[in-house]
Amino acid sequence: TRQRPIPYSAKTNDPWTMAFDVYGVLAASANIILLIFTSHQYESWTLTEKLCFFIYLEHMIFLSRLLLKVLLPELPRNVELLQLKQEQQVHRCLENIKVQQDMDTSMFRENRNEQIEVFENDLLDEEEIEPTLQLGESANVMYQGLKDAAFGAPSGGA
């Protein structure tokens, strides 16, 4: 009889992620080819014009895909920090490392009259503020940009 293989944990979903990326690129290319070369909208275009348009659209899609990957990371920064904290805690538990505070508290005993300011949160461990999506403002900026480009008005002023 055969035994099942022992499952093991993987850090990433790498082979599948790469496969889906490749299939996504192939699907986008196939859709653009179908749009340009079989659509009645582009019947009057020459083969050179169609190829140039195909290359232009292909590059715009890949550029936007790259831009989105840069702007929106797969793993947010706060999740990375939580993972690092958890790994450190697990390491301490597995290695039986006890954390001891080697802090000289004599300075607190000498000045008992002085009030010590206690913060609610650790100032060095502030969490990053997540950006919010403001569709109305984005639409207005895009509209102004298109309007300025179409009518030749100088950009940057409202």
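See the structure above.
Note that the structure is predicted; figures quoted are calculated from it, not measured.

Rules of the game
- Residues numbered from 1 in each chain as written.
- Predicted model: local features only at pLDDT ≥ 70, side-chain atom pairs only at ≥ 80, totals over all residues.
- Heavy atoms only, no water.
- Salt bridge = Lys/Arg side-chain N within 4 Å of Asp/Glu carboxyl O.
- Helix = DSSP H or I, 4+ residues; strand = E, 2+ residues; numbered from the N terminus.
- Buried < 20%, exposed > 50% of the residue type's maximum accessible area, 1.4 Å probe, protein only.
- Patch = residues over 30% accessible without salt bridge, like charges linked within 9 Å, V, L, I, M, F, W, Y side chains within 5 Å.
- Areas by Shrake-Rupley, 256 points an atom, 1.4 Å probe, with all protein chains shown as cover.
- 1 Å grid on protein atoms, 1.4 Å probe; cavity = no way out; pocket = protein on both sides within 12 Å on 5 of 7 lines; lining within 4 Å.
- Points joined across faces, edges and corners; volume = space filled by probe spheres on them.
- Expected span 1.5 Å × (residues − 1).

Asker: So what's going on with the pattern of salt bridges? Residues and values would help.
Answerer: A side chain with one charge can pair with a side chain of the opposite charge if their charged atoms come near. All chains considered together, the criterion is met by three salt bridges. Two residues, Arg 77 and Glu 80, come together in a salt bridge whose shortest N-O distance is 3.5 Å. Of the two residues, Arg 77 and Glu 80 are both situated in helix α3 (residues 77–94); the distance of three residues between them amounts to about one turn of the helix. The exposure class of Glu 80 is partly exposed, given its relative accessible area of 33%. Residues joined in a network through salt bridges with shared partners are Asp 21, Arg 65 and Lys 69.

Asker: Give me the lowdown on a nonpolar patch on the surface, citing residues and values where you can.
Answerer: Residues Trp 16, Met 18, Phe 20, Val 22, Tyr 23 and Leu 26 make up a contiguous nonpolar surface patch of about 730 Å² in total accessible area. Its location among the elements puts Trp 16 in helix α1 (residues 14–38).

Asker: Let's hear about the layout of surface pockets: which residues, and what values?
Answerer: Of the voids in this model, the largest pocket is the one considered here, and its volume is about 310 Å³. Looking at the largest pocket, the residues that line it are Lys 11, Thr 12, Asn 13, Asp 14, Thr 17, Glu 74, Leu 75, Gln 83 and Glu 87.

Asker: I'd love a proper account of helix α5 (residues 135–151), names of residues and values included.
Answerer: End to end, α5 covers 24 Å across 17 residues, agreeing with the expected 24 Å (1.5 Å per residue, within 8%). With one of its 17 residues buried, α5 lies for the most part at the surface. Two residues or fewer past α5, Gly 152 is found with a positive phi of approximately 75°.

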